[in-house]
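Listed below, chain by chain, are the residues.
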Amino acid sequence: MNIKERQRIVLAALIHDVGKFWERADVKWDISENIKKHFPNREFAHIVPKYENGNPKYTHALWTHLFISELKVGQHLALDGEGDKTLANLSAKHHLPDNQLNFSERIISLADKWSSSIDRPDEGEEDESHYDQVKKIWGSGFSNKVPLDSIFNAISIDGKINDGKSKINFAKLSVLDPDNIYAIEYIANQNDSLRKEYAKHWQEFRDEISKLERCKTFDSYFVTLNDIMRNYMWCIPSATNTIPSNVSLYEHSKTTAGIALALYDYCISEGKDNIEKDDQSLMMLCIDIAGIQKFIYDIANKKAAKSLKGRSFYLQLLMDNIIDRLLSHNDVMAYRTNVIYASGGKAYIILPNIIRVHKAIEKVDLDIQEYLWKEHQGKLFAVFGKITFSYHTSYDKNKKIFSSVITSNEILDEELVKLKIKDRSNLDLGHIWRLASDRAALGKNRKFKSKIIKEFKSFFEPIAFDPNEEKCYVSGERGKLVLLDDKERDEDKQIWVLPAINDQSKLGEDLKDANFIVTYTSSDDKLRSNITIDNYKYSTYYQENLKYLAKGDTYDTAVVSVLNRTDFDEKLDNAAIRTLFYGGNKQPLIDGKKVVKTYEDLAIFADKPTKLAILRMDVDNLGQIFINGFDEKVNGQKKSFGAYSTLSFMLEAFFCGHINYIHQRCDREFKDYVQILYSGGDDLFAVGRWDRIIDFAEEIRLAFKRFVGREDITISGGIAIVGAKYPIMKSAEIAGDMEKKAKAFNNNAKNAIN
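Here's a quick rundown of the structure. (Residues numbered from 1 in each chain as written. Predicted model: local features only at pLDDT ≥ 70, side-chain atom pairs only at ≥ 80, totals over all residues. Heavy atoms only, no water.)

Counting its secondary structure elements, the protein contains 26 helices and 21 strands. Looking at the protein residue by residue over its 754 residues, the buried ones come to 60%. Within the protein, contacts between residues separated by at least 24 positions form 69% of all contacts whose residues are at least 6 apart in sequence. Accessible surface, the protein as shown: approximately 32,100 Å² in total, 47% of it carbon and sulfur. (Helix = DSSP H or I, 4+ residues; strand = E, 2+ residues; numbered from the N terminus. Buried < 20%, exposed > 50% of the residue type's maximum accessible area, 1.4 Å probe, protein only. Contact = heavy atoms within 4.5 Å. Areas by Shrake-Rupley, 256 points an atom, 1.4 Å probe, with all protein chains shown as cover.)

For the peptide bond that leads from isoleucine 243 to proline 244, omega is 0°, which places it in the cis range. Summarising the element assignment, proline 244 is placed in the loop between helix H9 (218–233) and helix H10 (249–270).

Right, let's talk about helix H13 (residues 355–376) for a bit. Look at H13: 31 Å from first C-alpha to last across 22 residues, which is about the 32 Å you get at 1.5 Å a residue. Of the residues making up H13, those classed as buried are Val357, His358, Ala360, Ile361, Val364, Asp365, Leu366, Ile368, Gln369, Tyr371, Leu372 and His376. (Expected span 1.5 Å × (residues − 1).)

Core analysis: the biggest nonpolar cluster contains 207 residues, and Leu11, Phe67, Phe205 and Phe696 have the highest contact counts within it. Examining the composition of this core, we find that 13 residues originate from one element, helix H23 (residues 641–665), more than from any other. Once you skip the residues sitting within four places of it in the chain, phenylalanine 205 turns out to touch Val18, Phe21, Phe67, Ile228, Met229, Tyr232 and Met233. Counting residues in each nonpolar core, the second largest holds 12 residues, with Phe516, Tyr520, Ala558 and Ala575 among its members. (Core = buried A, V, L, I, M, F, W, Y, C linked by side-chain atoms within 4.5 Å.)

Let us look at the pattern of salt bridges. Scanning the model with the defined rule gives 27 salt bridges in all. The shortest N-O distance in the salt bridge between aspartate 567 and arginine 565 comes to 2.9 Å. Looking at arginine 565, the relative accessible area reads 26%, which means it is partly exposed. Residue aspartate 712 pairs with arginine 710 through a salt bridge whose shortest N-O separation is 2.6 Å. On the basis of relative accessibility, which here comes to 32%, the residue aspartate 712 falls in the partly exposed class. Residues participating in the shared-partner salt-bridge network are Asp320, Asp324 and Arg336. (Salt bridge = Lys/Arg side-chain N within 4 Å of Asp/Glu carboxyl O.)

A word on H10. Between the first and last C-alpha of H10 there are 31 Å, a value that for 22 residues agrees with the 32 Å anticipated at 1.5 Å per step. The element H10 is extensively covered by neighbouring structure, given that 19 of its 22 residues are classed as buried. Remark: glycine 271 follows H10 within two positions and exhibits a positive phi of approximately 65°.

Applying the stated criterion across every chain, the model contains 34 aromatic pairs. With a centroid separation of 6.3 Å and an interplanar angle of 65°, the aromatic rings of phenylalanine 21 and tyrosine 198 are classed as edge-to-face. Of the two residues, phenylalanine 21 sits in helix H2 (residues 18–25) while tyrosine 198 sits in helix H8 (residues 195–209), which places them 177 residues apart along the sequence. For the pair shown, phenylalanine 21 and tyrosine 198 are each scored as buried. Geometrically, the ring pair formed by tryptophan 433 and tyrosine 644 is stacked, given 5.1 Å between the ring centres and 20° between the ring planes. Placement of the pair is tryptophan 433 in helix H15 (residues 429–442) and tyrosine 644 in helix H23, with a sequence separation of 211 residues. For tryptophan 433, a relative accessible area of 6% puts it in the buried group. Members of the aromatic cluster, each reached through a chain of ring pairs, are Phe21, Trp22, Phe67, Tyr198, Trp202, Phe205 and Tyr232. (Phe/Tyr/Trp six-rings, centres within 6.5 Å; stacked < 30°, edge-to-face > 60°.)

Before going further, it helps to examine the pairing of strand S4 (residues 282–290). Counting buried positions over the 9 residues of S4 gives 9, a clear majority of the element. Going residue by residue along S4, you find Leu282, Met284, Cys286, Asp288 and Ala290 tucked away on one face and Met283, Leu285, Ile287 and Ile289 tucked away on the opposite face as well. Pairing geometry for S4 and strand S6 (residues 346–352), over 7 bridges, is antiparallel. Considered in S6, the bridge of methionine 284 is made with isoleucine 350. (Pairing = 2+ DSSP bridges.)

The next subject is the sheet that holds strand S11 (residues 516–521). Ordered by their spatial adjacency, 5 strands build an open sheet running S12-S13-S11-S14-S15, and the pairing between neighbours is mixed. In this open sheet, the two edge strands, each paired with only one partner strand, are strand S12 (531–533) and strand S15 (576–580). Sheet twist, expressed as the average angle between the axes of neighbouring strands with direction ignored, equals 25°. Examined bridge by bridge, S12 and strand S13 (residues 536–541) share 3 bridges and lie antiparallel to one another. The partner of threonine 532 across the bridge, within S13, is lysine 537. (Axes fitted to C-alpha atoms, helices over the stretch in contact; angles between N-to-C directions.)

Shown next as structure tokens:
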């Protein structure tokens, strides 16, 4: 395995379109001082194709080449090849790859096409089917006029899209801020330009990138660069000559990097120098953590508040752990750019369809089963589902129409029936998404299959029972107990709990002050950690104590996740830094103290006890939105990897990020009376004083309606109003029943709170 070449390919693919960002901040190529200086004699024929008059096509690639050359991207990591095999050439030549001599250039060019589901014609951007239509709306030179459309505009619901006056988009460029993720109504004006906004945004981005030489390893460099790109490019359209223009430049870049690495590994493994249209080169993997709700809610008493908070965050760490184990496996060695979606206990990952990766998945699956069985005895488990497929794009020159063709040789007849299709070659990405998900779901009926096969006899032997073992005060389970490490408990009352419950309670306590989660991979037991999952250690830090991060080799492999912020500017040499959106890390505190309120404390009104309420909410028909929402016949929206990734990100931004703004800064004062126990994917679970919970549910519905910008993508929820001492698990079950009834409201029209 050529490690350096893999690094070159994934980095070059990630930044291949960064020139679109700079180009829109600059003037036209033929009067740009930047381009004149970099190409003084217009010697760019080796980078982009040219028109008959000698002018360059796909001019953004010129700025990509300039960006990499001027900022010396990757040079300190020795990623430049010899002669003309520079990183700048490899990245910028995706529209003019050397198909005969440069295999890596060809792979990136193909990944670029697959990410966008567009096989771009040689004629140039003007030959795109929507070019004339876009020019008519926005005028000439429209690349820095067209804003990013909201991905929700083009979602097909019952054959309808959002194409009226309420259509919204991101006309304001800003660094990613989960407090402010709303698109706005914006009327096209041919005299308006976003060039000044682009110029300011670009300079800030460039300043961030210039600091990355502090990262001395490729992994820390790539992780941090990827995060910076997301924070700046989330609101920028990937392509402006298409309708709709709703895939962000970041999500297109990210998925291009993931696909490029997968295609490279496939070709090297199979001894090929090209991808044929029938090659089953890719695999979609779905990972699903099952038993989440029972795991979260299975808490017995008043110590539930912090334990539940710790449990819900542990689940997020668990999914991160599974993904990191897989991606870092020696036979996979991929990056977060391969992850299309990861939230709410589910993940979808693009990987190469090669034997060693299949075996790595089996190994990680077994390791996770071993861990979860040891820690949770079947209450919590993870299932994997995968589907292999071929993918290629084509272009009808006469009709100016692109099409993508997906086939899978391993689809079963019963799966075809379920998909309501007859031909294995008549697939789209919605089908692939569903097949991976359905195959993972089958695993829920075959829990711990690999472990049972491996240890059949011992698995079914009776478990030794020690009558001297006491019950855990919080969970009610028997086992070897430890004294609860609780700063606010009555010292005269001994509270004994399972070690895992103690860790979760401490994690819930620490989250209220946490600004960072630091991940180490080490077997060193002396390292500070809140939660340990095998050799992965997760520690909470706040601003002032981040300086106490361990140094040395362990520090060099650390990943610092900044909670709900993108403005982190500390210099941590060589540590990888990324943003982690997490819903509800700030918790209701007792007035004047840094003490988390119990449920009894939440259920106080005018100094008197009152009722508690439990809220459960999720998006209506989200599964169908992912499978059928991108309908090209209705809206021209291609089912591209970039589109799916953009939709996934926006949902994450709302439920993991913006939900904190609603909770902490809304005028209705939820922060002192409502605790968000879980928010991710499209799910939310919160506990609080009954009247505040009702208001909170209403506020979320209003915010979500504004977020999607339309009436027919909705959210429903159920509320259970109970006594403050009523068992939380039973309360959650009641709220779940209320939610089901809300979704059955008005002939299953949903869009209700019950």
